[in-house]
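# A structural walkthrough
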Amino acid sequence: MTYQHIDVRPIAGALGAEIHGVDFSRDLADDVVAEIRRAWLDHLVVFFRGQSLTPAQQLAAAKRFGDPVEYPFVQGLPDFPVITPIIKLPDEKINFGGLWHTDTTYQQRPPMATMLYALELPPYGGDTMFASMYLAYETLSDGVKEDVSKPKIAEHPIIRVHPETGRKALYVSFAHTTNFKGWTEAESAPLLNYLFEHQTRPEFTCRFRWEPGSIALWDNRCALHNPINDYHGHKRVLHRITFAGDAPRG
């Protein structure tokens, strides 16, 4: 795939690419935004280095890709309620969202995407891992595909069809999926545990090392993420924006 306005550099075979040649502090031309979106849909998560943004500039950039919405449980910045500060202090041991998940799937309309902008980082650690749920679905055996296509969880299909790409993705996560509709948790556990282990196989993943000024933009409809909690004693500050999404369809 060729691009006229941006430089796209994949970081792993499964998903993830760095995009160079973009300055989000400036107004981006429509054709540049279109190419970023095309790369994002193709690579599931894209990364940008060396950004220097005020909250207003981050919000303006986010609005080029979707409709920012407030996070339901964490208060946003006073003047920018859709920007959620993600902070881990040196004396804290637990990090925010520190396990494999896709954001807030307990909602009827989970967010389409998430943008995370790094402000302050530890001297080491604090990377974020991502996993492709396209590959997680495509590598299931035909028998398992048939089994998990039948039961449904409380609100969403197990196999989700991406509304923009038309590809099927496995749509469960250890953080939020408890059981299949009509099944008890005990009945659901064997198959769910298999799916949880399967969907984070190393060959489905990429790992991003943050730098101050880095941005990650990922597609919650087809990618899991896991912020690694390996920087105790150091502070980490990022600003997060989530985007309104649609009700998942099977």
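A brief structural summary. (Residues numbered from 1 in each chain as written. Predicted model: local features only at pLDDT ≥ 70, side-chain atom pairs only at ≥ 80, totals over all residues. Heavy atoms only, no water.)

## Comments concerning the pairing of strand β13 (residues 236-243)
Spelled out, the test is: Each residue is assigned to one of three classes by its accessible area relative to the maximum for its type, calculated with a 1.4 Å probe on protein chains only: buried under 20%, partly exposed between the two thresholds, exposed over 50%. Counting from the N terminus, the helices are the DSSP runs of H or I reaching at least four residues and the strands are the DSSP runs of E reaching at least two. Two strands qualify as a pair provided DSSP detects at least 2 bridges between them.
Of all 8 residues that make up β13, 8 are buried, and the element is covered over most of its length. By the alternation rule, side chains of β13 split into R236, L238, R240 and T242 and V237, H239, I241 and F243, which are all buried. In this sheet, β13 lies alongside strand β4 (residues 68-69) in antiparallel orientation, the contact comprising 2 bridges. Paired with V69 across the two strands is T242, which belongs to β13. Here strand β5 (residues 84-88) pairs with β13 via 5 bridges, running antiparallel.

## Concerning the pattern of salt bridges
The following threshold applies: When a carboxyl oxygen of Asp or Glu lies within 4 Å of a side-chain nitrogen of Lys or Arg, that pair is called a salt bridge.
Under the definition given, this model contains 16 salt bridges. Between R49 and E211 there is a salt bridge, and its shortest N-O distance comes to 3.8 Å. In this pair, R49 sits in the loop between β3 (45-48) and α2 (55-62) while E211 sits in the loop between β10 (205-208) and β11 (215-219), placing the two residues 162 residues apart along the sequence.

## Here we look at the packing of aromatic side chains
Threshold: For Phe, Tyr and Trp, where Trp contributes only its six-membered ring, two rings pair if their centres lie within 6.5 Å, and the inter-plane angle classes them as stacked under 30 degrees, edge-to-face over 60, or tilted in between. Criterion for a charge above a ring: Lys NZ or Arg CZ within 6 Å of the ring centre, and within 35 degrees of the ring normal.
All chains considered together, the criterion is met by 9 aromatic pairs. With a centroid separation of 4.8 Å and 75° between ring planes, the pair formed by F24 and F48 is classed as edge-to-face. Taken together, the residues F24 in the loop between β2 (17-20) and α1 (30-43) and F48 in strand β3 connect sequence positions 24 residues apart. Comparing F24 with F48, the two get one shared label, buried. Counting every residue linked through ring pairs, the aromatic cluster contains F47, F130, F208, W210 and W218. Over the ring of Y231 we find K88, and its NZ or CZ is 4.6 Å from the ring centre. Looking at K145, its charged tip hangs above the ring of Y137, at a distance of 4.8 Å from the centre.

## Brief notes about the side chain of R221
Selection criterion: Distance and chemistry together define a polar contact, namely a pair of N or O atoms within 3.5 Å, with one atom able to donate a hydrogen and the other to accept it when in protein, and with adjacent residues in sequence counting only for side-chain atoms on both sides. When checking whether two residues touch, look at their non-hydrogen atoms; a contact exists if any pair is within 4.5 Å.
In this fold, R221 is placed in the loop between β11 and β12 (223-227). Judged by its relative accessible area of 3%, R221 is buried. For R221, the side chain forms a polar contact with the side chain of H162, separated by 3.4 Å. Contact partners of R221, with chain neighbours within four places excluded, come to W40, L41, M112, R160, H162, P163, E164, A169, Y171 and D246.

## Re the sheet that holds β12
Consider a sheet: its strands pair through backbone hydrogen bonds, and that pairing is either parallel or antiparallel. Applicable threshold: Working convention: axes come from line fits to C-alpha atoms, limited for helices to the stretch in contact. Angles between N-to-C directions cover 0 to 180 degrees.
Strands sit in the order β10-β7-β12 across an open sheet of 3 strands; the sheet is antiparallel. Single-partner strands in this sheet number two, and they are β10 and β12. For this sheet, the mean angle separating the axes of adjacent strands, direction not counted, is 20°. With 4 bridges connecting them, strand β7 (residues 128-132) and β10 associate as antiparallel partners. Each residue of the ladder has a partner; that of M129, found in β10, is R207.

## Brief notes about the environment of F24
On the basis of relative accessible area, F24 is assigned to the buried category, the value being 4%. Considered as a pair, F24 and L53 are 29 residues apart in the sequence and their alpha carbons are 7.4 Å apart. In contact with F24, other than residues within four places in its own chain, are I36, F48, Q51, L53, Q57, A61, F65 and I215.

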